Amino acid sequence: MANPSRKKKTLGHFKFGSVLFSTTLSLFIVGLFGVILIQARTLTKMIRENIEIQVFLDKGLSEEQLKEIQINISARPFILTTTDTIGLRFVSDEEAAATFVESTGEDFTKFLEDNPLRDSYVIAVAEEFQTSEQLETIAKDLEAIPGVFEVSYMTDLVESINKNLLKVSLVMGGFILILIITVVMLINNTIRLALFSQRFLIRSMQLVGATRGFIRKPFLMRALLFGMIAGAVASLILFGLVQYTKANIEGFAMLQNQAMLLTLFGVLIVVGGILSVFSTLRAVNKYLNMSLDELY
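Residues numbered from 1 in each chain as written. Predicted model: local features only at pLDDT ≥ 70, side-chain atom pairs only at ≥ 80, totals over all residues. Heavy atoms only, no water.

## Thoughts on the overall build of the protein chain
A tally of helices and strands in the protein chain yields nine helices and four strands. N-terminal to C-terminal, the α/β element order of the protein chain is α-β-α-β-α-β-α-β-α-α-α-α-α. Scored against the burial criterion, the 296 residues of the protein chain give a buried share of 34%. A separation threshold of at least 6 residues defines the contact pool for the protein chain, and within that pool the share at least 24 residues apart is 82%. (Helix = DSSP H or I, 4+ residues; strand = E, 2+ residues; numbered from the N terminus. Buried < 20%, exposed > 50% of the residue type's maximum accessible area, 1.4 Å probe, protein only. Contact = heavy atoms within 4.5 Å.)

## Things to note about the sheet that holds strand 4 (residues 148–152)
A sheet is described by the order of its strands in space; here four strands give the open sequence 2-3-1-4, paired in antiparallel fashion. At either margin of the open sheet sits one strand with a lone partner, and together these are strand 2 (88–91) and strand 4. Across the sheet, the mean angle separating the axes of adjacent strands is 20 degrees when strand polarity is ignored. Across four bridges, the pairing between strand 2 and strand 3 (residues 120–124) is antiparallel. Bridging across to strand 3, F90 finds its partner in Y121. Sheet contacts for helix 2 (residues 63–74): strand 1 (52–57), strand 2 and strand 3; angle to strand 3, the most-contacted strand, approximately 15 degrees. (Pairing = 2+ DSSP bridges. Axes fitted to C-alpha atoms, helices over the stretch in contact; angles between N-to-C directions.)

## Some thoughts on the pairing of strand 1
Judged by which residues are buried, strand 1 turns out to be one-sided: I53, V55 and L57 face inward and are buried, whereas E52, Q54 and F56, on the alternate face, are not. Relative to strand 3, strand 1 runs antiparallel, the two sharing five bridges. Looking across to strand 3, one finds that V55 is bridged to Y121. Examined bridge by bridge, strand 1 and strand 4 share four bridges and lie antiparallel to one another. Each residue of the ladder has a partner; that of Q54, found in strand 4, is S152.

## Focus on the pattern of salt bridges
Under the definition given, this model contains two salt bridges. Residue R76 is joined to D141 by a salt bridge in which the shortest nitrogen-to-oxygen separation is 2.7 Å. On the criterion of sequence distance, the pair formed by R76 in the loop between helix 2 and strand 2 and D141 in helix 4 (residues 132–143) is long-range, its members being 65 residues apart. We classify R76 as buried; its relative accessible area is 19%. According to the relative accessible area criterion, D141 is partly exposed, its value standing at 31%. Here E136 and K140 are joined by a salt bridge, their closest N and O atoms 3.8 Å apart. (Salt bridge = Lys/Arg side-chain N within 4 Å of Asp/Glu carboxyl O.)

Shown next, in the form of C-alpha cells:
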C-alpha cells in the first residue's frame, strides 16, 4: 500500500513542477515576441539610415567654397552621427558620372563634351528628423546656403516608410497588449490552482496562531525562486534559439543587438519573479480570508 505522505509530497512536487513549466513557457513566449521586436527595431533603424538627402552644388566652385559649404552643412543637427562615422560625404561630378555609367551601361561622355552632373553632398538624416514636414524644412534650409543649386530627396519613399512603420507599430502594440494580459492570467491561474491543495495547510497554520506574514513568507519566497528560475530557463532557451538561427540563416546576425538581448533576458527573470510573487500573494490572501465552509 502506498504511503499517503509520500503520495501527497509527490503530488505537491508535480503541482509546483507544472507551475514552473507553465511560467517558463509563458515567459518564453513573451521573450520570443521581445526578440522579434528587437529584430524589427534593428531592421527599422537600418532602413531609416538609408534615407538620404542629396545637395547638388553650383558648377565652378573653388576648393575654399566647397570647404565652406561642407563646414556649414556639417554643423546642422539633423545629420546622422555614429561613434564611427558622420553621415555626410562628398560626391564629385566625375564620381557621379562613373556611377551613372556603371549603373546604366550608357556612357554619355562619348557624345557630350561637358559633364552635366554636379558635385554634391549626400547627407544621411538622423531618425528623429525623418518626418515629411521636417525633411521639407531641412531642404529649404539647405537651399538657402550660398553655392547650393538644388536639394533632392525621395519624398514618396519617406512617406511610404513612415506610414508602413506606423501601421506595423499599431498592430504589434495590440499583440503585445493581448500577450501580456494572456500571460498574466495564465501564470495567475496556474499558481492559484497549485495553491488550492495547500488551503488546509494555510488554515491549520492560522489555527495554531501563526501570523498572516509568517504564513505568506514561505509561499512568496518559493514563488520568487520559481519565477526567477523560470525566467532564467526561458532566457537560456531563447539564447540557444537565437544562436542557432544566427548560424543557419544568412543575414540574421546583422539584426542582432546584444545589449538589448541581455536587457530582455534580465527583464524576463525579474518579471518572472514579480508575476509569481504577485499571483501567489493574491492566492494566499484569498485562502487566508476564506471561512472553513468556503474552503470545503
